[in-house]
Each structure stands twice: as structure tokens, then as C-alpha cells.
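Fold and geometry: a report
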Amino acid sequence: MSEANQREVSYVFGHSEAEISRLQTQATILRPITERLLHRAGIRPGMRVLDLGSGAGDVAMLAAQLVGPSGCVIGIDRNSQVLSIANARAERAGFKHLSFHEASVETFVDDARFDLVIGRYVLIHQSDPVAFLRAAARLVKPRGSMAFHELRLRDACRSVPNVPLWEMIDRLLRLAFSSAAPHYDAGDRLVEHFSHAGLPEPNLFCETHVFGAADATYYAWAVDTLRVLLPQLQRLGIVAGEFMGIETLATRVRDAVRQAHSQVTFAPQICAWTRT
Ligand SMILES: C[S@@+](CC[C@H](N)C(=O)[O-])C[C@H]1O[C@@H](n2cnc3c(N)ncnc32)[C@H](O)[C@@H]1O
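To keep things clear, this report deals only with the structure shown in the data block. Bear in mind the structure is a predicted one, so any value in this text is a computation, not a measurement. (Residues numbered from 1 in each chain as written. Predicted model: local features only at pLDDT ≥ 70, side-chain atom pairs only at ≥ 80, totals over all residues. Heavy atoms only, no water.)

**Section: the overall build of the protein chain**
Here is the rule: A helix here means a DSSP run of H or I that spans at least four residues, while a strand means a run of E at least two residues long, and both kinds are numbered starting from the N terminus. In this treatment the radius of gyration is a C-alpha quantity, and the globule benchmark scales as 2.2 Å times the residue count to the 0.38 power. The buried label applies to any residue whose accessible area, calculated with a 1.4 Å probe on protein chains only, is under 20% of its type's maximum; exposed applies above 50%, and partly exposed to all values in between. Whether two residues touch is decided by their heavy atoms; if any such pair falls within 4.5 Å, the residues are in contact. Only the protein chains shown count as cover for residues, and all accessible areas are computed by the Shrake-Rupley method using a 1.4 Å probe. In this tally, Asp and Glu contribute negative charge and Lys and Arg positive charge; neither His nor the terminal groups of the chain are included. A single reference atom marks each charge: NZ on Lys, CZ on Arg, CG on Asp, CD on Glu.
Across its full length, the protein chain carries nine helices and ten strands. Taken over C-alpha atoms, the radius of gyration comes to 19 Å for the protein chain, in line with the 19 Å a tight globule of 276 residues would show. When its C-alpha atoms are laid out on the principal axes, the protein chain stretches across 55 × 40 × 35 Å. Buried positions account for 55% of the 276 residues belonging to the protein chain. Contacts in the protein chain between residues far apart in sequence, at least 24 positions, make up 81% of those at least 6 positions apart. When the accessible area of the protein chain is evaluated, it comes to approximately 12200 Å², of which 50% is carbon and sulfur surface. Looking at the protein chain, you have 29 positive and 29 negative side-chain charges, and the mean spots of the two groups are 4 Å apart.

As C-alpha cells, then:
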């Protein structure tokens, strides 16, 4: 396993309160896509599932619902602060067959292997996604499955007709990501990364959110993400000090989209799964 990936890569989003709340807004939007991925990867009641990089726990809780009380889900994350939120949420939701552990994927060990190992938005944050996949694969049972939900950040998320305020937010988000996430193109290299990790070629699908002004959640998600990434943009010297009017930005961009009768296409969500 590569030493590079065992080192704690500085995680661009951090684990502030704003980030933990952003993860939950994001999870509401992404849930239907992740759920389709888990079904295609063969999730069933009674399975033993491991969720890598659980964050606030949304993917692990979705898996816990799908495997039911006869199954078992373990979520791991190397950050203890975010796991205390995940634990409290799982407890409130009454999941007895779900637990979270502070661990990095590279060093995690358990008594038994898993039917299904999953992860959402984790590969883009690795310094060595291939080493990460190898570390994940050793935790899967023979004939078990692995499934990852990532996203494509390379291409602009267009608004048509063009809304300059939206295009500015999109450009800033992609600049922050591309400068901070070591493998921000991991979503486009899933076949390559799986192959270099010695895994069978994955099955893939891609879904893209397309929206107008009706649903405010998308604008809240984009602006919350920008807010959490502001320190990175400040480090790059792209944004100086305070970002003017970020408190009202979600409302302003949504109003501009409404006025222009614009249609916005968001970052494609790329999902891959394979059997080991
Ligand atoms: C963008 S968040 C995604 C959270 C969750 N999967 C979701 O979709 O809501 C990525 C999480 O992965 C964790 N993480 C990243 N690399 C990891 C590693 N190698 N081992 C364990 N946790 C990791 C980070 O601490 C962070 O909480």
C-alpha cells in the first residue's frame, strides 16, 4: 500500500459545523442516485456493509435501511468530530445494526469481511486513489462487491440562457476543488483506478441534476459549498478577505436564474461498482 495515501491528506472541506450541515443538504440531493447504485451493486436485507469515509453518516444510514435489522453496517471515518454527529443521528433514527468507528481505510481491520464496501465522494480526496481501492478491496469477501459514487468536476456547469452569477459560482467551486483535491478527476478515471488496483472493470452509470429556479436546495448546496471552500480561494488569492454578500448569494443567484428562465446543469454524478 502506498505510503502517500496513509498520510493524512489535508481535507479541503474540514469538519466545521457549516460543513457538517452542508453534507446533510448534499446527502438529500444525492440520496436517490446513491440508492440506485447500491441496488445495482446488489444490496439486500441481511448483508454486512462497510461505508468508507462516512462523514455525517448519510450513506451508512441509507445502507442500514436497505439491509434491515437482519444486516449490519459499519461506517468509518478518520475524523472523530464528524463521527460523533453520525453516531447521534443514527441513534436518533433508532438504527441498532449500525455503528461508526474512527479509522482510516488504509489501517482499518475487522473480525470478518464484508459483502459490500461502499464510499461516496471519497476517492477525489485521496492522494492515491489506487492505494485506497486496494485497501478497500482487502475488506471485501470473495465474490463480494464494491461501489463508489463520485462526481465529474472538470467541465463547467452551464446555465442556458447564461446567468453570469451562476457561472461565477461554478468557476470558483471548480477552481477551489481542482487546486485542493489531489485527484479531483477520480470520477472520470474509475476504470483506470479500478484496473490499477487489480479489480475487475467496473459497471458504470452517470446521472446529472438539471434544474431551473423552482428548487432552492440546489442553490443552497452550491453556496454552502462555496462558503466552506472560501479559505482555499483566499489562500489562492482569488478571493480577498470577506466574500461580499455570501449570505444573500443563494437567493440572488436563484432570482437571476428565474428572471433569465435559465436551465442549469450540475456536476455529473458518476457511479461504479464491481464484484471482487
Ligand atoms: C466529502 S465527505 C463525504 C461523506 C459521506 N460519504 C457523504 O457522502 O455524505 C468525505 C469524508 O471522507 C473522510 N475520509 C477521506 N479519506 C479518508 C480515508 N482515507 N480514511 C477514512 N476516512 C476518510 C473525510 O474525513 C470526510 O469526512
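Having seen the structure, we can now continue with the description.
**Examining the pairing of strand β1 (residues 48-52)**
Stated formally: Two strands qualify as a pair provided DSSP detects at least 2 bridges between them. The crossover handedness rule: strands pointing away from the viewer, path from first strand over the helix to second strand clockwise, crossover right-handed.
Here β1 lies mainly inside the structure; five of its five residues are buried. Residues of β1 alternate between two faces, with Arg48, Leu50 and Leu52 on one and Val49 and Asp51 on the opposite face, all of them buried. Where β1 and strand β2 (residues 72-77) come together, five bridges link them in parallel fashion. Residue pairing for β2: Asp51 is matched across the bridge by Gly75. Once the chain exits β1 it traverses helix α3 (residues 58-67) before rejoining the sheet at β2, and the crossover so formed is right-handed.

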